[in-house]
Amino acid sequence: MSYAQMLERVRYDGAYPTRERAEDAVVAVLAGLGRRLTGEERFELAARLPRQAAAVLTAEIPGTAAGTGWEFVKEVAGRTGGTLATTRWDVGSVLGVVARLAGPELLGRILRQLPGGYAILFGRAELVQAA
């Protein structure tokens, strides 16, 4: 998938009025994910993304603490100035496309690396074991 195709897919899935609005969402969400994702999964995901998207993901330095999925949404909202509701929409629109590009095996490894609350952001159910 090319970067232009990725933006169009995000634009369609997110019902954004313009390609520029879709690109703003892609950049904000991938930068945030780049601050959370580490290890081999980070580089494998980058290899499956269009070059421009991979550059956004890998330009960020991963932090030492990766918060929950909801904390991720709040962080992206804080950086973009968006509301929590619109940012949650942006995150889901972008990460849904990222999930398709990653494929089920890599996405599973990514989700195992991240704390709780991320699966739903990627459009997946989050299964937890009973105590």
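Residues numbered from 1 in each chain as written. Predicted model: local features only at pLDDT ≥ 70, side-chain atom pairs only at ≥ 80, totals over all residues. Heavy atoms only, no water.

Visitor: Any details on the packing of helix α1 (residues 3–14) against helix α6 (residues 84–102)? Residues and values, ideally.
Guide: At a closest axis distance of 9 Å, the pairing of α1 and α6 adopts a crossing angle of 130°. Viewed along their axes, α1 and α6 adopt a mutual orientation that is oblique. As for the relative orientation of α1 and α6, their crossing is right-handed in sense. Where α1 abuts α6, its residues Met6, Arg9, Val10, Asp13 and Gly14 lie against Trp89, Ser93, Val94, Val97, Val98, Arg100 and Leu101. When grouped by side-chain class, the residues that make up the contact of α1 with α6 number seven nonpolar, two polar and three charged. (Axes fitted to C-alpha atoms, helices over the stretch in contact; angles between N-to-C directions. Helix = DSSP H or I, 4+ residues; strand = E, 2+ residues; numbered from the N terminus. Parallel < 35°, antiparallel > 145°, perpendicular 65-115°, else oblique. Left-handed = near helix turned anticlockwise from the far one by under 90°. Contact = heavy atoms within 4.5 Å. Nonpolar A, V, L, I, M, F, W, Y, C, P; charged D, E, K, R; others polar.)

Visitor: Quick one: what's the story with the environment of Leu7, residue by residue and with numbers?
Guide: Considering the arrangement of structural elements, one finds Leu7 in helix α1. On the accessibility criterion, Leu7 (0% relative accessible area) is buried. Along the sequence, Leu7 and Leu106 sit 99 residues apart, while their C-alpha atoms lie 21 Å from each other. Those residues within four positions of Leu7 in sequence are excluded, and the remaining contacts are Arg19, Ala22, Glu23 and Val26. (Buried < 20%, exposed > 50% of the residue type's maximum accessible area, 1.4 Å probe, protein only.)

Visitor: Help me get a handle on the packing of aromatic side chains, residues and values and all.
Guide: If you walk through the whole model with that rule in mind, you get one aromatic pair. When the ring of Phe72 is compared with that of Tyr118, the centres are 5.6 Å apart and the planes differ by 45°; the resulting orientation is tilted. Note that Phe72 is positioned in helix α5 (residues 69–80) and Tyr118 in the segment after α7 (104–113), a separation of 46 residues in sequence. (Phe/Tyr/Trp six-rings, centres within 6.5 Å; stacked < 30°, edge-to-face > 60°.)

Visitor: Please provide a residue-by-residue account of helix α2 (residues 19–34), values included.
Guide: Under the 1.5 Å per step criterion, the end-to-end length of α2 is 22 Å for 16 residues, consistent within 8% with the ideal 22 Å. Restricting attention to buried positions, one finds in α2 the residues Ala22, Ala25, Val26, Ala28, Val29, Leu30, Ala31, Gly32, Leu33 and Gly34. Turning to α2, the residues buried within the fold contact α1, α3 (39–48), α4 (51–59), α5 and α6. (Expected span 1.5 Å × (residues − 1).)

Visitor: Describe the pattern of salt bridges, naming the residues involved and giving the relevant values.
Guide: As enumerated under the stated definition, the model contains twelve salt bridges in all. Across the salt bridge formed by Arg9 and Asp13, the nearest N and O atoms sit 2.8 Å from each other. Of this pair, Arg9 and Asp13 both sit in helix α1, four residues apart, which is roughly one turn of that helix. The salt bridge partner of Arg79 is Glu75, with a shortest N-O separation of 3.3 Å. A residue pair is termed a helical-turn pair when its members lie 3 or 4 positions apart in one helix, as Arg79 and Glu75 do in helix α5 at four residues. Arg79 gets classed as exposed once you look at its relative accessible area, which sits at 57%. (Salt bridge = Lys/Arg side-chain N within 4 Å of Asp/Glu carboxyl O.)

Visitor: Describe the nonpolar core, and please don't skip the residues or the numbers.
Guide: Judged by nonpolar contacts, the single largest core of 37 residues is most densely connected at Met6, Leu45, Leu49, Phe72, Leu95, Val98 and Phe122. Those elements giving two or more residues to this core turn out to be α1, α2, α3, α4, α5, α6 and α7. Discounting residues that sit within four places of it in the chain, Leu95 has contacts with Val29, Leu33, Phe72, Leu121 and Phe122. (Core = buried A, V, L, I, M, F, W, Y, C linked by side-chain atoms within 4.5 Å.)

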